[in-house]
Every structure is written in structure tokens, then in C-alpha cells.
Amino acid sequence: MMEVLVFSTSVKEPRQVSKVTTLLTKVPAIAQWNFDLEDCDNILRIVAKGLSPRYIETLLQKAGIHCQELKY
């Protein structure tokens, strides 16, 4: 079953989105993702199957990007 994961991030610019694109496209469990940079939390939404939010947080943090799951 697909799940929607929502994260607050430190991504503010298109070049940072490009950096994240390189990381996220390598994760086969991700069906789609997008950023809402107009939101105050610079939201990253991921639609995926069987993916741990901790995995995404760690993946982005290793790349120097703050990422924290938002509970909704």
C-alpha cells in the first residue's frame, strides 16, 4: 500500500531541489515526490511503498539538508 510521507526541510532554492532529486530518484520505493517551497516549512511530500521516514531523514541529512517528518 502506498503511503504519503511529509517532511519539513531546509531546502529553499531550486539548486537544492536538484541535489535532492539526485538522491530521491535512486530510491526504488518512491513513486513520486514534490516540494512546496512556498510553505514556511519547505515541505517535501513523498508517495512511497514500505519506506521508513527515518531513511529519508538520514539520506537528506547526510547530504547536509535538514529533514524532519511532520505528523499529520
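Scroll up to find the structure this text is about.
Every chain's residues receive numbers from 1 upward, in the order its sequence appears when written. Note on the predicted model: pLDDT of at least 70 is required for a residue's local features to be given, and 80 or more for side-chain atom pairs to be given and counted; whole-chain, interface and lining totals, by contrast, use all residues. Heavy atoms from the whole structure form the basis of all side-chain values; hydrogens and water molecules are not counted.

Trainee: Outline the overall build of the protein, supporting the account with residue identities and numerical values.
Mentor: Helix and strand assignments follow DSSP, with helices taken as H or I runs no shorter than four residues and strands as E runs no shorter than two, numbered in order from the N terminus. Assigned secondary structure in the protein consists of 2 helices and 4 strands. Order of helices (α) and strands (β) in the protein, N terminus to C terminus: β-α-β-β-α-β. Taking the principal axes of the C-alpha coordinates as reference, the protein spans close to 30 × 25 × 20 Å. In the protein, of all internal contacts separated by at least 6 residues, the share reaching a separation of at least 24 is 60%. Accessible surface is estimated by sampling points in the Shrake-Rupley manner with a 1.4 Å probe; for residues, cover comes only from the protein chains shown. With the model as given, the accessible surface of the protein reaches about 4600 Å², and the carbon-plus-sulfur share is 53%. In the protein, which carries 9 positive and 8 negative side-chain charges, the distance between the mean positions of the two groups comes to 9 Å. Should any heavy atoms of two residues lie within 4.5 Å, those residues are considered in contact. For the purpose of charge, His is not counted, nor are the chain termini; Lys and Arg are scored as positive and Asp and Glu as negative. By convention, the charge on Lys lies at NZ, on Arg at CZ, on Asp at CG and on Glu at CD.

Trainee: Lay out the side chain of Glu 57 in plain terms, naming residues and giving numbers.
Mentor: Among the structural elements, Glu 57 can be located in helix α2 (residues 53-62). Relative accessibility decides the category of a residue: with a 1.4 Å probe and only protein chains considered, values under 20% of the type maximum give buried, values over 50% give exposed, and everything between is partly exposed. You can call Glu 57 buried: its relative accessible area is 13%. In the analysis that follows, any N or O atom pair within 3.5 Å is treated as a polar contact, provided that within protein one partner can donate a hydrogen and the other can accept it, and provided that, for residues neighboring in sequence, both atoms belong to side chains. There is a polar contact of 2.7 Å between the side chain of Glu 57 and the backbone nitrogen of Glu 69. Sequence-distant contacts of Glu 57, that is, excluding residues within four places in its chain, are made with Phe 7, Cys 67, Gln 68 and Glu 69.

Trainee: Please provide a residue-by-residue account of the pairing of strand β3 (residues 43-49), values included.
Mentor: Strand direction decides the pairing type here: strand β1 (residues 2-9) and β3, joined by 6 bridges, are antiparallel. Pairing of Leu 5 across the sheet is with Ile 46, part of β3. Count of turn residues in the strand β2 (residues 30-36)/β3 antiparallel hairpin: 6 residues, of which Asn 42 carries a positive phi of about 45°. A strand pair is defined by DSSP finding two or more bridges across the two strands.

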